[in-house]
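# Close look at the chain arrangement
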Amino acid sequence: MRIVKKLILIFLIFQSCTAIKELVTFSRCQFRLKNVQNINLGGINLNSKYKFDDFSTTEITQLSKNLLSKQLPMKFDLMLEVKNPNNSVASMEKMEWIVFVDNNQITEGVLEKRVSVSPGGLEIVPLTFSIDLLKITNSSTINSLVNLAFALANIGEANSRLTLKIKPTIKVMNFNLVYPDYITITKEFK
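Treat the numbers as computed from the prediction; the structure is a model and nothing was measured. (Residues numbered from 1 in each chain as written. Predicted model: local features only at pLDDT ≥ 70, side-chain atom pairs only at ≥ 80, totals over all residues. Heavy atoms only, no water.)

Another point: the pairing of strand β1 (residues 30-41). Relative to strand β3 (residues 73-83), β1 is paired through nine bridges, and the arrangement is antiparallel. Paired with Arg 32 across the two strands is Glu 81, which belongs to β3. Bridge analysis of β1 against strand β2 (residues 44-45) gives two bridges, and the strand direction is antiparallel. Bridged to Leu 41 within β2 is Ile 44. The hairpin turn running from β1 into β2, its antiparallel successor, is two residues long, and Gly 42 in that turn takes a positive phi close to 60°. (Pairing = 2+ DSSP bridges. Helix = DSSP H or I, 4+ residues; strand = E, 2+ residues; numbered from the N terminus.)

And the structure:
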């Protein structure tokens, strides 16, 4: 019986070391904000909208109804590129995230999905964001979001900086082990 207990203890220690190694390896990965996709404002897909004339009468009516109901939901997918230059697998069980536009926090959340990147591999992790633009009361935040929308649509000369802060978590013997600090990734849109 002692041999079985020792084997179980050795197995658990090995599993813990492997999980911790994967978290450390994940933190050493190279992160890049690849792009923003599936931009949706008030139920209207903005991916092919570059100027006001691109909106149909139905879409303008829909946006007007949103404004009258005091809701203007905006959704988009931020594509996070994770490149693993290490010689071992990099993985995490979940990831807390915070999004900033021009240093103004706009939303935060948690990705409840295991991400694993093989040695030398590359993974694209889509993060879906939802915010109600009318619930943002800070005028500098609203201006930042408008500048981001214009920069993404290549309208005018708006510049915007999108920053994503992530904090990975792994599971070690049913306990969550959280990376001690946020990893910051920034992209300029012009």
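Back to the write-up after that little detour.
Membership of the largest hydrophobic core comes to 39 residues, with the highest contact counts inside it found for Leu 80, Leu 127, Leu 164 and Ile 166. Beyond its immediate stretch of four places on either side in the chain, Ile 166 contacts Phe 31, Leu 80, Met 95, Glu 96, Trp 97, Asp 181, Tyr 182, Ile 183 and Ile 185. (Core = buried A, V, L, I, M, F, W, Y, C linked by side-chain atoms within 4.5 Å. Buried < 20%, exposed > 50% of the residue type's maximum accessible area, 1.4 Å probe, protein only. Contact = heavy atoms within 4.5 Å.)

Moving on, we come to the pattern of salt bridges. Enumeration according to the criterion identifies three salt bridges in this entry. Here Arg 114 makes a salt bridge to Glu 93, at a shortest N to O gap of 2.4 Å. With a gap of 21 residues between them, Arg 114 in the loop between β6 (104-111) and β7 (115-117) and Glu 93 in the loop between β4 (90-92) and β5 (94-101) connect regions that are remote in the sequence. According to the relative accessible area criterion, Arg 114 is partly exposed, its value standing at 42%. For Arg 161, the salt bridge goes to Glu 188, with nearest N and O atoms at 2.9 Å. On the criterion of sequence distance, the pair formed by Arg 161 in strand β9 (residues 160-172) and Glu 188 in strand β11 (residues 183-189) is long-range, its members being 27 residues apart. Owing to a relative accessible area of 29%, Arg 161 belongs among the partly exposed residues under this scheme. (Salt bridge = Lys/Arg side-chain N within 4 Å of Asp/Glu carboxyl O.)

This paragraph deals with the packing of aromatic side chains. By the definition in use, this model includes two aromatic pairs. Considering the side-chain rings of Phe 76 and Phe 129, the 5.2 Å spacing of their centres and the 40° angle between planes classify their relative orientation as tilted. Taken together, the positions of Phe 76 in strand β3 and Phe 129 in strand β8 (residues 122-132) put the pair 53 residues apart, joining distant regions of the chain. As far as burial versus exposure is concerned, Phe 76 and Phe 129 are alike and both buried. Measuring from centroid to centroid gives 4.4 Å for Trp 97 and Phe 129, while their planes differ by 90°, and the two rings are edge-to-face. Taken together, the residues Trp 97 in strand β5 and Phe 129 in strand β8 connect sequence positions 32 residues apart. For the pair Trp 97 and Phe 129, a shared accessibility class is recorded, and that class is buried. One aromatic cluster is present, built from ring pairs that chain together Phe 76, Trp 97 and Phe 129. (Phe/Tyr/Trp six-rings, centres within 6.5 Å; stacked < 30°, edge-to-face > 60°.)

Within the chain, Asp 102 stands out as a residue other than glycine whose phi angle is a positive 50°. Among the secondary structure elements, Asp 102 is positioned in the loop between β5 and β6. Assessed through its relative accessible area of 22%, Asp 102 is described here as partly exposed. Positive phi values are uncommon outside glycine, yet Asn 103 reaches one of about 70°. Assignment of secondary structure puts Asn 103 in the loop between β5 and β6. Its relative accessible area of 58% is what places Asn 103 among the exposed residues.

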